[in-house]
Amino acid sequence: MKKRFLTAKILTAALGVTLAMQATPIHADSVHVAKDGDTFYTLSKTYGVGLSQLMNANPNIEANNIYAGLKLNVPGQNTVKAYADPAPTLISASLNVDSDQKVVEAWGKSYNYTKKLQVKASAYSSAASENGGWGAVDYFGNPLELGTIAVDPSVIPLGTKVLITGHSFPGLPKKAFVATARDTGGAIKGNRIDIFVSGSAQSVSDFGFQNVELYFIN
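This report concerns the structure included in the present document. (Residues numbered from 1 in each chain as written. Predicted model: local features only at pLDDT ≥ 70, side-chain atom pairs only at ≥ 80, totals over all residues. Heavy atoms only, no water.)

Section: unusual backbone geometry
We note that K102 has phi near 55°; this positive angle belongs to a residue other than glycine. Among the secondary structure elements, K102 is positioned in the loop between β3 (95-98) and β4 (103-106). (Helix = DSSP H or I, 4+ residues; strand = E, 2+ residues; numbered from the N terminus.)

Structure, rendered in structure tokens:
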């Protein structure tokens, strides 16, 4: 969906080594593959693990960015408890906004916001054809990941963190998720954003164009 003009640098092999070393904390005894609707809260109840203990075992995963297929470490478990038998009761994703206090709540977590903005959103994949030939890296040369969005820097400065709401797509968390402006695009001008989604270019194109609302959070 996007044609980008980048000055990205290729990541060094040292980054890959660092990520590999951080992949699984030594205190984690099992791995859970997330499904739609999973949260740290529901998983703590399912596995009988303290909420803070579970979150500490997954320091690189934001609470509101848990999506289907994501692998989470479950401390203190010798075997992975299956979802299918029996299926747990999942809480629904929530979204509440207090305009007077400028507070938005998503997935049980509250964020102070400075302003909100309605934009038209599209989605892009890691395919080189959508990334100016540079491949799966953002404007700064970092790997594309869930939470990366391309913006018009004159409207949304690079580095800005936002809570995205109003979208609907299987490859993204429901209701709301946190994203950071780390990319740009030749076609992304004005009140437009492009959301990185993991998947093939063909599957990501099903996102189409959607009107979403952004909350600029601290």
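Text resumes after the structure shown.
Digging into helix α2 (residues 40-47)
The element α2 is extensively covered by neighbouring structure, given that six of its eight residues are classed as buried. Of the residues making up α2, those classed as buried are F40, T42, L43, S44, T46 and Y47. G48, located one to two residues past α2, shows a positive phi value of around 70°. (Buried < 20%, exposed > 50% of the residue type's maximum accessible area, 1.4 Å probe, protein only.)

Some remarks on the side chain of S44
In this structure, S44 sits in helix α2. Not counting chain neighbours up to four residues away, the residues in contact with S44 comprise V49, G50, L51 and L54. (Contact = heavy atoms within 4.5 Å.)

Some thoughts on the packing of aromatic side chains
In this description, an aromatic ring pair is defined by two values, namely the gap between the centres and the angle between the planes. Throughout the structure, instances matching the rule amount to four aromatic pairs. Seen from their ring centres, Y113 and Y215 are 5.0 Å apart, and the 80° between their planes marks the pair as edge-to-face. On the criterion of sequence distance, the pair formed by Y113 in strand β5 (residues 109-124) and Y215 in strand β10 (residues 210-217) is long-range, its members being 102 residues apart. Residues Y113 and Y215 agree in their burial class; the two are buried. Ring plane angle 65° and centroid distance 5.9 Å describe the contact between Y124 and F196, whose orientation is recorded as edge-to-face. Taken together, the residues Y124 in strand β5 and F196 in strand β9 (residues 192-196) connect sequence positions 72 residues apart. Residues Y124 and F196 agree in their burial class; the two are buried. In this structure, K115 is placed above the aromatic ring of F216, and the distance from its NZ or CZ to the ring centre is 4.7 Å. (Phe/Tyr/Trp six-rings, centres within 6.5 Å; stacked < 30°, edge-to-face > 60°. Lys NZ or Arg CZ within 6 Å of the ring centre and 35° of its normal.)

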